[in-house]
2 protein chains.
Amino acid sequence: MHNLWEMQRLLIPEGMADLRKRYMILHHLLVSGQTGRRSMVQALGFSERMLRTDIEFLKEHGLVHVESSGVRITDWGRELVEKLEPSMNEWLGLDKLELELSNRFSLKKSIVVRGDSEQSDWVRREIGRAAGEYLRAVINPGDVIAVTGGSTLAEAAEQIASQPALKQNWFVPTRGGLGEDVSLQANTIASTMAKRTGAQHRLLHVPDHLSEEAHQSLMQEPSVYEVVQAIRSSRIVVHGIGDAVRMAERRNMAGDQLEALLNDGALAEALGYYFDRQGKVVHETPTVGLSMPDWQKAEQVVAVAGGSSKAGAIAAVLRFGHSHVLVTDEAAAKLLLNL
Amino acid sequence: MHNLWEMQRLLIPEGMADLRKRYMILHHLLVSGQTGRRSMVQALGFSERMLRTDIEFLKEHGLVHVESSGVRITDWGRELVEKLEPSMNEWLGLDKLELELSNRFSLKKSIVVRGDSEQSDWVRREIGRAAGEYLRAVINPGDVIAVTGGSTLAEAAEQIASQPALKQNWFVPTRGGLGEDVSLQANTIASTMAKRTGAQHRLLHVPDHLSEEAHQSLMQEPSVYEVVQAIRSSRIVVHGIGDAVRMAERRNMAGDQLEALLNDGALAEALGYYFDRQGKVVHETPTVGLSMPDWQKAEQVVAVAGGSSKAGAIAAVLRFGHSHVLVTDEAAAKLLLNL
DNA sequence: ATCTCGCGGGTCTGTAACCGACCCGACCAA
DNA sequence: TTGGTCGGGTCGGTTACAGACCCGCGAGAT
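Because the structure is predicted, anything quoted here is derived from the model rather than measured. (Residues numbered from 1 in each chain as written. Chains lettered and ligands numbered in written order. Predicted model: local features only at pLDDT ≥ 70, side-chain atom pairs only at ≥ 80, totals over all residues. Heavy atoms only, no water.)

**Quick look at the packing of aromatic side chains**
Consideration 1: Within this structure, the stated rule accounts for twelve aromatic pairs over all chains.
Consideration 2: Plain terms: the ring middles of Tyr273(A) and Trp295(A) are 6.2 Å apart, the flat faces sit at 50 degrees to each other, and that makes the pair tilted. Placement of Tyr273(A) in strand β10 (residues 273-276) and of Trp295(A) in helix α13 (residues 292-297) is noted, with a sequence separation of 22 residues between them.
Consideration 3: Accessibility expressed as a relative area gives 5% for Tyr273(A), which makes it buried.
Consideration 4: Residue classification places Trp295(A) among the buried residues on the basis of a relative accessible area of 0%.
Consideration 5: Between Phe275(B) and Phe320(B), the ring centres sit 4.9 Å apart and the planes meet at 50 degrees, which makes this aromatic pair tilted. (Phe/Tyr/Trp six-rings, centres within 6.5 Å; stacked < 30°, edge-to-face > 60°. Helix = DSSP H or I, 4+ residues; strand = E, 2+ residues; numbered from the N terminus. Buried < 20%, exposed > 50% of the residue type's maximum accessible area, 1.4 Å probe, protein only.)

Okay, here's the thing in structure tokens:
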């Protein structure tokens, strides 16, 4: 069942942020007793003015006393915190997971949504929405955003939205066609995202893996060359993370190749590269699209993947160390932190 | 147990108001399907611009679709409303109670807090807080506010607060000393309220009921006369509602008088007047303070009382028809509506 | 064919809330 | 006495948003 808090967060995100702030203040006061504003700034990491506004609010509502010697929680406030504590802990737990994930894998940011995407479709949508929300926040005018395929990214494409339209941005696929299901292809996803945000898009109308000669000749085509240039200049890359075996199958890899792959310890796949448990690249599929140098050059590489069965794969790709942001779900996050 | 929603309302009142607004919009859309903005304005009573802002918010978060033919709820939004419905109904139920109370007793406004003040102290405090909040909202500079005694009003005095200080306002008691417990006396309450809001106060240092001669001679005293003038010019009156018998006892009424009172059907007491079931005045205690003409003249008469056992008394006083606002609790409100 | 009404949406403007930044006097301990 | 911390006053810039008004569009009535 989806948590009440999560539902509220959909309807009043700013309100829930306020709630969190004010609860943290009260909780801190409950723990540390009489405290000064400035020391609270240190402990909680809020700006002083903001803290002051909230403390004034709490004072007005009789939840704290504020005297010349510092701020003190009232009995009423204490009662409130104690009754609120179990629910809040459960809710704030996500923030702790995010923080620990960021530290463990040296990420710039990580976003965790409650639940397990393998248990409930709702959670998959939440991951998509969270990724879309983050994207919208970091996109600057003129940015090119490269996106991969996959079911999680497809969900993100359905959930992204922008107001006003991102007329100055381009969405491009990281590679060409792959597999059968058109709705999960990078091309489709780039197109959907562009449509839903009012941005432009370019598609890469070539098969994903092809011979060296075909590669060379296709690159002579202006319509291909231009798109590839755009892809390689992406400031933002959004990629899914897949199980190595399943991705190899989707790519129709030959049986002996697959065996070789597994012998090399391949566990995960992202952006066409296969990784072993330690995050070492053990195989790659040549592409006309985004390749390793472009990946390492991109400023914002966002990995999007969830579900308890994917935790190992996610860890492998994160250990490789060139993704900056992870969007995942609670189930995967917890497994990630237990090695 | 105190509801999660109520606790949230303490920490983020504005946020909960937003939540209510947005939920109402979604719910309305769920019920009426495709709807236009203007017809929604009629149905929900919001301003159009506000509605638009919220609809834009809901659109951005993928909860509604908005097309040229009107606004439509998405499947996701529908799911959200359906999951949120039970909790919201319980919470919004208070609003319905308030509305019904206002209609039934021709009140300008009624405020209902969740719970039963006879079951939990917390609810008593909530009534006090709600009354204090309402007061703060309606007080204009220069107003004189007359308050009675009683435990509920005492609680309100503890909960009221104001920022900035109401330097231009005066709190006065409706009458003089009464009974033993100083903390429940009108004088004390007026003083506390003034202190907590930064307002002025004047006290009435005379016993509540006294002989005609004593009355006349006291009114010659300037210190008394001035305060009485202030009391009689009150724009705002805040009074509790009491059980007739208990109030008579607090006033040390003689046994035969009490018997006469009961024979007359006295059920409730407010502001020194005793009412029968129909709201007819059956007895009064002479006072140097606020009397009937002043009561009828006051622009804002706020009745504050809660608890299931007081429902009958509240109904009696409200039927008298000279109180404009009622602050009570859920238990009393429900009984009031069942005759 | 035209009119009209209700639809979403664009835009300007005043306002209120709020945050950053800076300063102040009071208090306390070294 | 001095330095650090306490709460609080104040000012200016920013932002979010509500109010008010207008627009073009399309469906249905005339």
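**Observations concerning unusual backbone geometry**
Trans is the common state for peptide bonds, and a negative phi is the common state for residues other than glycine.
Consideration 1: Phi is positive for Leu271(A), close to 55 degrees, though the residue is something other than glycine.
Consideration 2: Inspection of the secondary structure puts Leu271(A) in the loop between β9 (266-270) and β10.
Consideration 3: Here Ser106(B), not a glycine, exhibits a phi torsion of approximately 50 degrees, which is positive.
Consideration 4: Mapped onto the elements, Ser106(B) comes out in the loop between α5 (75-104) and β3 (109-113).
Consideration 5: Judged by relative accessible area, which is 65%, Ser106(B) ranks as exposed.

**Comments concerning the protein's contact with DNA strand D**
Consideration 1: By nearness alone, 16 residues border DNA strand D, and Arg37(A), Arg38(A), Arg52(A), Ser47(B) and Thr53(B) come closest of all.
Consideration 2: Those atoms of DNA strand D that come within 4 Å of the protein belong to sugar or phosphate at a rate of 50%.
Consideration 3: A distance of 2.7 Å separates a phosphate oxygen of DNA strand D from a polar backbone atom of Arg37(A).
Consideration 4: Note that a base nitrogen of DNA strand D is positioned 2.6 Å from one of the side-chain N or O atoms of Arg38(A). (Near = heavy atom within 4 Å. Polar contact = N/O pair within 3.5 Å; in protein donor to acceptor, adjacent residues only side chain to side chain.)

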